[in-house]
Amino acid sequence: MADLSTLLAKEASTEIEAILSEANERAARITEAARSEAEAIVAERERRAKAQREASLVRARSAAQLEAAAIKLRAQHEGVKAVFDDVRRQLDELVNDQGRYPAVFEKLLDEALEAAKDVGVAAVDVAPSDVRLATDALARRGVTAEVAAADDVKGGVRVRTPRRSAVENTLYDRLDAMAGELAAEVSQVLFGAKAE
């Protein structure tokens, strides 16, 4: 019986060792799986954090580029505007220069009269300060037409026809008509790039 007890104890001990060994192996597998899962979670979070950081950098870079472009456009606009403001000041000086302006005025008048020659001239509107200049110029050309002072005409003439149409020819209108085309050229000269 003692042998049976020893045999049973030995068999139980072997069974216990097998169970413990299996439990240890399972625990090792579970621990390894948990470690792998934890590493995967950490790696995924790091990847997300890196992606968010990169996305934030891209957004910040894009915002900075947009702001820089806006600043450049504002500078170009202000530069071009300053040039046109200066041109308008120079036109004002020309219009007020009684030594140079009469010859320019007469060329503008001749161009407007030429444009209206097929329909005739009923009246000529000019700035109040140009009434005498226009009256004398029309008389030298043999054109009989009413000369009227008009506050909305400056630096040139508006020839009205009997058909109620008008030909306006002023320095300021010419500048305004060419502003779009000239703005691109001015921007090119000022900034070395096409205006956008």
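Above this text sits the structure in question.
Residues numbered from 1 in each chain as written. Predicted model: local features only at pLDDT ≥ 70, side-chain atom pairs only at ≥ 80, totals over all residues. Heavy atoms only, no water.

K.L.:
When you look at the overall build of the protein chain in this model, what are you seeing that I'm missing?
P.N.:
A tally of regular secondary structure across the protein chain gives 4 helices and 4 strands. Written out in order from the N terminus, the α and β elements of the protein chain read α-α-β-α-β-β-β-α. Taken over C-alpha atoms, the radius of gyration comes to 46 Å for the protein chain, far larger than the 16 Å a tight globule of 196 residues would show. Along the three orthogonal principal directions, the C-alpha set of the protein chain runs to about 155 × 35 × 25 Å. Long-range pairs, those at least 24 residues apart, make up 63% of the contacts in the protein chain between residues at least 6 apart in sequence. When the accessible surface of the protein chain is split by element, carbon and sulfur atoms take 56% of a total near 13,900 Å². (Helix = DSSP H or I, 4+ residues; strand = E, 2+ residues; numbered from the N terminus. Rg over C-alpha atoms; globule rule 2.2 N^0.38 Å. Contact = heavy atoms within 4.5 Å. Areas by Shrake-Rupley, 256 points an atom, 1.4 Å probe, with all protein chains shown as cover.)

K.L.:
How do you make sense of the pattern of salt bridges when you look at a structure like this?
P.N.:
When the charged atoms of two side chains lie near each other, side chains of opposite charge can form a pair. Using the criterion set out here, one finds 18 salt bridges in the structure. Between R141 and E106 there is a salt bridge, and its shortest N-O distance comes to 2.9 Å. A residue pair is termed long-range when its members are at least 10 positions apart, and R141 in helix α3 (residues 131-141) and E106 in helix α2 (residues 101-116) qualify at 35 residues. Close ionic contact of E168 with R158 constitutes a salt bridge, the shortest N to O distance being 3.3 Å. Placement of E168 in strand β4 (residues 166-170) and of R158 in strand β3 (residues 156-160) is noted, with a sequence separation of 10 residues between them. Here R158 falls in the buried class, since its relative accessible area comes to 13%. Beyond isolated ion pairs, a larger network of salt bridges with shared partners links D125, D152, R158, R160 and E168. (Salt bridge = Lys/Arg side-chain N within 4 Å of Asp/Glu carboxyl O. Buried < 20%, exposed > 50% of the residue type's maximum accessible area, 1.4 Å probe, protein only.)

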